[in-house]
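What follows is the residue order along each chain.
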Amino acid sequence: MTTFGIIGAGNIGRQVARVALAQGNEVVIANSRGPETLADLIEELGPKARAATAEEAAAAADVAVVAVPLKAYRDVPVDPLAGKIVLDANNYYWERDGHIEALDRGEETTSGLLQKHLPTSQVVKAFNHIVAATITTDGSPAGTANRRALATASDYPEAVEFVTAFYDAAGFDTVSAGPLSESWRVERDRPAYVVRQNAEELRANLALAQRVI
Ligand SMILES: NC(=O)c1ccc[n+]([C@@H]2O[C@H](COP(=O)([O-])OP(=O)(O)OC[C@H]3O[C@@H](n4cnc5c(N)ncnc54)[C@H](OP(=O)(O)O)[C@@H]3O)[C@@H](O)[C@H]2O)c1
């Protein structure tokens, strides 16, 4: 059993919580307004879930998930996540997040920014290119023809291994885009972004991506 510390309790955080709980794990989940505002969610999620502050969720985590608007990534607690695998679902919407020049210029990746913020954590891209609601509806057993595939990327092979097993249990094949420096291939507006694709199609879409759009 793994404790998932989930920072961000919106569309994505809740869905990843449901998937983690369905796999027999525990969840500690946080938002920006405080644990008392998550009572309804915790009632729905059940006894293996509890609400906490982001600091507490990070401290309790065996594995963490970051699912906040990108503009808030610098609020993610650093010290309690040292040495831990951190799944990063964030995307860059300048309309929501404000402009981040290094991203606008194609010099950084969204997950690369989080990795720099969490220098001793093992950041791994996960669930960023699937509409949240479909995480619990689009999965299918391993070996199903045309099974949906999701991308990951990390500088840490053990983090990729973790996400691959987690995706598989959730009903998805995995395609790695490589290190975080290549993770722009699955960011917003690239061919692989938020379309249903199997592993072969996802590999092709990652290869088709252009850095400057
Ligand atoms: N929605 C999707 O289908 C989808 C799919 C893939 C990836 N993503 C990406 O995943 C991220 C989350 O998206 P979402 O749709 O889940 O957003 P959302 O529904 O707006 O939820 C965001 C959550 O983050 C929390 N939060 C904001 N600032 C925080 C902070 N400083 N500390 C702790 N928690 C904070 C919010 O708490 P409060 O409500 O208390 O402010 C809320 O619980 C975004 O980067 C998004 O682009 C979304």
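Not measured: the values here are computed from a predicted model. (Residues numbered from 1 in each chain as written. Predicted model: local features only at pLDDT ≥ 70, side-chain atom pairs only at ≥ 80, totals over all residues. Heavy atoms only, no water.)

## A look at the site of the ligand
Line of reasoning, step 1. The ligand sits among 24 residues. The nearest are Ala 9, Ser 32, Arg 33, Asp 75 and Ala 132.
Line of reasoning, step 2. One nitrogen or oxygen atom from the main chain of Ala 9 is found 2.8 Å from an oxygen atom belonging to the ligand.
Line of reasoning, step 3. For the ligand, whose unbound accessible area comes to 900 Å², protein coverage reaches 78%.
Line of reasoning, step 4. Taken together, the residues of the shell around the ligand sort by class into 13 nonpolar, eight polar and three charged. (Near = heavy atom within 4 Å. Polar contact = N/O pair within 3.5 Å; in protein donor to acceptor, adjacent residues only side chain to side chain. Areas by Shrake-Rupley, 256 points an atom, 1.4 Å probe, with all protein chains shown as cover. Nonpolar A, V, L, I, M, F, W, Y, C, P; charged D, E, K, R; others polar.)

## Describing the pairing of strand 8 (residues 173–176)
Line of reasoning, step 1. Relative to strand 8, strand 7 (residues 149–154) runs parallel, the two sharing four bridges. From the neighbouring strand, Thr 152 faces strand 8, where its bridge partner is Ser 176.
Line of reasoning, step 2. Where the polypeptide runs from strand 7 across helix 7 (residues 157–170) and back to strand 8, its parallel neighbour, the crossover connection is right-handed. (Pairing = 2+ DSSP bridges. Helix = DSSP H or I, 4+ residues; strand = E, 2+ residues; numbered from the N terminus. Right-handed = clockwise from strand over helix to strand, strands pointing away.)

## Thoughts on helix 1 (residues 11–22)
Because each turn of an α-helix spans 3.6 residues, side chains separated by three or four positions end up pointing in the same direction.
Line of reasoning, step 1. Between its terminal C-alpha atoms helix 1 stretches 17 Å, which fits the 16 Å expected from 12 residues at 1.5 Å a residue.
Line of reasoning, step 2. Residues of helix 1 that are buried make contact with strand 1 (3–7), strand 2 (26–30), helix 2 (39–45), strand 3 (49–51), strand 4 (63–66) and helix 7.
Line of reasoning, step 3. Two residues or fewer past helix 1, Gly 24 is found with a positive phi of approximately 90 degrees. (Expected span 1.5 Å × (residues − 1). Contact = heavy atoms within 4.5 Å.)

## As for the side chain of Asn 198
Line of reasoning, step 1. Relative to the elements of secondary structure, Asn 198 occurs in the loop between strand 8 and helix 8 (199–208).
Line of reasoning, step 2. Reaching out from Asn 198, the side chain makes a polar contact with the backbone nitrogen of Glu 200 at a distance of 3.1 Å.
Line of reasoning, step 3. Non-local contacts of Asn 198, meaning those with residues more than four positions away in its chain, are made with Asn 146, Arg 147 and Ala 149.

## Comments concerning unusual backbone geometry
A negative phi holds for most residues other than glycine; trans holds for most peptide bonds.
Line of reasoning, step 1. Its identity as a non-glycine residue notwithstanding, Asp 189 has a phi of 75 degrees, on the positive side.
Line of reasoning, step 2. Residue placement: Asp 189 occurs in the loop between strand 8 and helix 8.
Line of reasoning, step 3. The phi torsion at Val 194 lies on the positive side, around 55 degrees, for a residue other than glycine.
Line of reasoning, step 4. Using a relative accessible area of 33% as the deciding quantity, one classes Val 194 as partly exposed. (Buried < 20%, exposed > 50% of the residue type's maximum accessible area, 1.4 Å probe, protein only.)

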